[in-house]
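# Structural overview
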Amino acid sequence: MKRFVPVAVSALAVGATLLVPPAVQQTQQNGGQAQVAGSAYQHRDDFVIVGHRGASGYRPEHTLASYELAARMGADYIEPDLVTTKDRVLVARHEPEIGGTTDVAKHPEFANRKKTKVLDGTPLTGWFAEDFTLKELKTLRAVERIPALRQHNTVFNGRYQVPTLQEVIDLSKRLSRELGRPVGIYPETKHPTYFQQQGLALEPELVKTLTRNGLNRPDAKVFVQSFEVSNLIALHKQLRVPLVQLTDAEGQPYDFTVAGDKRTYADITSPKGLKDVAKYAAGLGPYKAQIIPFTADGKQGKPTTLVADAHRAGLVVHPYTFRVENNFLPNEFDSNAVPADSGNLFGEIAAYRALGIDGLFTDNTDVAVAQEKETK
């Protein structure tokens, strides 16, 4: 297995411009599966590119500057990870812990907010979004999460606030007008069981915000995603937008852990499991190694049948995360031995597109857009 430079990892994570496999069209007619309605699923169009946390290969992630750059590079969707403030405002951060993505450690007035909490069964020390009001959070500024790999992004440290979901929606609407094409949003509920346990559930605020903005409708350019299952099943009854089940190569959804459910992500992505997913979701967001595993020497191995299996179940497939740095690429696409240097992301994307994926999450929208143009 390829050795990666250690970074904070969260396994992540297609409206009007979706490439729709026939199986999805069949899903619309199957009363026992998720209803996939609206124009988002009624025509074929270009490959879908999701700006993962914005253009996070070029700007600190989850900032309005990162989202705007991704859209201007050609992303069909911008992807905010959602956590909540103490006063129940949804904001865009990679994790509840904000010490790694903001300058909170430099604010002496918040020194006493540092604490240790248990996040999905694992103790974690830092500062947590839910311990701050929105007003307090707005005094902080974003910083690059993985400076060892993206030193150039540190130029922008301290320049951008933590955005609310409403600000991300407002940005998407403005950019849609300016660019003359719809720029969608693809929010992820982060650690939903964790927030439910604290009495700060994410889902009610998400439903209210989408509804207030006229986005809780089948033809809205919105997808909602989660690594957990129970909250997606609940949202399926409240939202009219498509849902995406995120999965990882190891482990299980944390809501399964809490409930004592022994099923793993491997079970979820089995042919039988995918049929269950299709009862509440329209798409699957797998870790890319679930489609093409890494070999022991860090290269691409033999592809699995996951894409074909998901399509047979009526699900579109949007794997994560495609990044240009050698650190994140299979070894055959590395440019050299320096983890932070750029490798052949074009080649990696091409390998996945050959297997029929319907879209992807990328930190480097410009590369994905250029690769798409080459295939036309």
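A brief structural summary. (Residues numbered from 1 in each chain as written. Predicted model: local features only at pLDDT ≥ 70, side-chain atom pairs only at ≥ 80, totals over all residues. Heavy atoms only, no water.)

Let us look at the packing of helix α2 (residues 64-73) against helix α4 (residues 165-179). When two helices pack together, their arrangement is given by the angle between their axes and by how far apart the axes lie. At their nearest, the axes of α2 and α4 sit 11 Å apart, and the two run at 30° to each other. In terms of orientation, α2 and α4 fall into the roughly parallel class. Of the two elements, α2 crosses α4, and the hand of that crossing is right-handed. Packed against α2, whose contacting residues are Leu64, Tyr67, Glu68, Ala71 and Arg72, the element α4 presents Glu167, Val168, Leu171, Arg174, Leu175, Glu178 and Leu179 at the interface. Split by residue class, the contact of α2 with α4 holds seven nonpolar, no polar and five charged. (Axes fitted to C-alpha atoms, helices over the stretch in contact; angles between N-to-C directions. Helix = DSSP H or I, 4+ residues; strand = E, 2+ residues; numbered from the N terminus. Parallel < 35°, antiparallel > 145°, perpendicular 65-115°, else oblique. Left-handed = near helix turned anticlockwise from the far one by under 90°. Contact = heavy atoms within 4.5 Å. Nonpolar A, V, L, I, M, F, W, Y, C, P; charged D, E, K, R; others polar.)

Turning our eyes to something else, we now look at the packing of helix α12 (residues 345-353) against helix α13 (residues 365-375). Close contact between α12 and α13 brings their axes to 10 Å; oriented N to C, the two are set at 60°. When the axis of α12 is compared with that of α13, the two are oblique. Here α12 runs over α13; the crossing is right-handed. For the pair α12 and α13, the contacting residues are Leu345, Phe346, Ile349, Ala350 and Arg353 in the first and Val367, Ala368, Ala370, Gln371, Glu372, Glu374 and Thr375 in the second. Across the contact of α12 with α13, the residue classes tally to seven nonpolar, two polar and three charged.

The next point concerns the pattern of salt bridges. Considering all chains together, one arrives at 24 salt bridges under this definition. A salt bridge links Glu68 to Arg72; the shortest N-O distance between them is 2.9 Å. Of this pair, Glu68 and Arg72 both sit in helix α2, four residues apart, which is roughly one turn of that helix. Given the relative accessible area of 22%, Glu68 is considered partly exposed. Take Arg72: its relative accessible area is 42%, and that puts it in the partly exposed class. Notably, a salt bridge pairs Arg312 with Asp309, separated by 2.4 Å at the nearest N-O pair. Here Arg312 pairs with Asp309, and both are found in helix α11 (residues 306-312), just three residues apart, close to one helical turn. (Salt bridge = Lys/Arg side-chain N within 4 Å of Asp/Glu carboxyl O. Buried < 20%, exposed > 50% of the residue type's maximum accessible area, 1.4 Å probe, protein only.)

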